[in-house]
Amino acid sequence: MVCLGNICRSPLAEGILASKLDPELYFIDSAGTSGHHNGELPDRRSIAIAREHGLNLTNQRSRKFVKEDFEDFDYIYVMDNSNYRDVVSLANSEEQKNKVDRIMNAVFPGENVDVPDPYYGGNDGFKHVYKMLDDACNIIVTKLS
Ligand code: 4NP
């Protein structure tokens, strides 16, 4: 799961998807394209909305997306089109590029809908993002199994 800062959207996406899959079978992680928040906890608003849904994000720490992630992961879900461009620019083969997709394409195939960055907004933005990611993860899980 990849966003810009790895403190708002992708930590939520990681927590939501992890809660729906067997940890013995799937390794789920998240990262940011910027690296500006390296080592930080998720944003307190992401932690709060996750907690309302019974998920704990406080074991997560922000890290930057690195090229090795293309080797370590089968699927790379990005939150928006800007993340898509940044991640794909690091791919060194078509196979790596093909691992990357906008997460909302699970719900709206081919529409390239952005998960909006909630960082500068209020709590409603985080609520909205949670719902979008939960919908997407439900579909991702059905496709994996
Ligand atoms: P995220 O949100 O990409 O969903 O983690 C952001 C977090 C921080 C910043 C931008 C977006 N920032 O500019 O610091």
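Here the structure is a predicted model, which is why all the values come from computation and not from measurement. (Residues numbered from 1 in each chain as written. Predicted model: local features only at pLDDT ≥ 70, side-chain atom pairs only at ≥ 80, totals over all residues. Heavy atoms only, no water.)

Details of the overall build of the protein
For the record, the criterion: Strands here mean DSSP runs of E at least two residues long; helices mean DSSP runs of H or I at least four residues long; both are numbered from the N terminus. Between two residues, a contact is recorded if the distance between any of their heavy atoms is within 4.5 Å. Using the Shrake-Rupley algorithm and a 1.4 Å probe, accessible areas are obtained, with residue cover drawn only from the displayed protein chains.
Of the regular secondary structure elements, the protein holds six helices and four strands. Along the protein, from the amino end to the carboxyl end, the secondary structure elements read β-α-β-α-α-β-α-α-β-α. Taken over the C-alpha atoms alone, the protein extends approximately 40 × 35 × 30 Å along its principal axes. Sequence-distant contacts in the protein: of pairs separated by 6 or more residues, those separated by 24 or more amount to 68%. If you sum the accessible surface of the protein, you get close to 7800 Å²; carbon and sulfur atoms cover 48% of it.

Here's the deal with the site of the ligand
Rules: Distances are taken per atom, and a residue is near a molecule or strand as soon as one of its heavy atoms is within 4 Å of it. Between N or O atoms, a polar contact is any pair within 3.5 Å; within protein, one atom must be a potential hydrogen donor and the other a potential acceptor, and residues adjacent in sequence are included only when both atoms are from side chains.
Around the ligand lies a shell formed by C3, L4, G5, N6, I7, C8, R9, H37, D117, Y119 and Y120. Between the ligand and N6 there is a distance of 3.3 Å, counted from an oxygen atom to a backbone nitrogen or oxygen. Within the side chain of R9, one N or O atom sits 2.8 Å away from an oxygen atom of the ligand.

As for the pattern of salt bridges
Selection rule: Any carboxyl oxygen of Asp or Glu within 4 Å of a side-chain nitrogen of Lys or Arg constitutes a salt bridge here. When accessible area is computed with a 1.4 Å probe and restricted to protein chains, residues below 20% of their type maximum are described as buried, those above 50% as exposed, and intermediate ones as partly exposed.
Taken as a whole and judged by the stated rule, the model has six salt bridges. In this structure, D29 engages R63 in a salt bridge whose closest nitrogen and oxygen atoms are separated by 3.0 Å. Highlighted residues: D29 in the loop between α1 (9-20) and β2 (31-32) and R63 in the loop between α2 (44-52) and α3 (69-72), separated in sequence by 34 residues. For D29, a relative accessible area of 23% puts it in the partly exposed group. Across the salt bridge formed by D135 and K131, the nearest N and O atoms sit 2.9 Å from each other. With a gap of four residues between them, D135 and K131 both fall in helix α6 (residues 123-144), about one helical turn apart.

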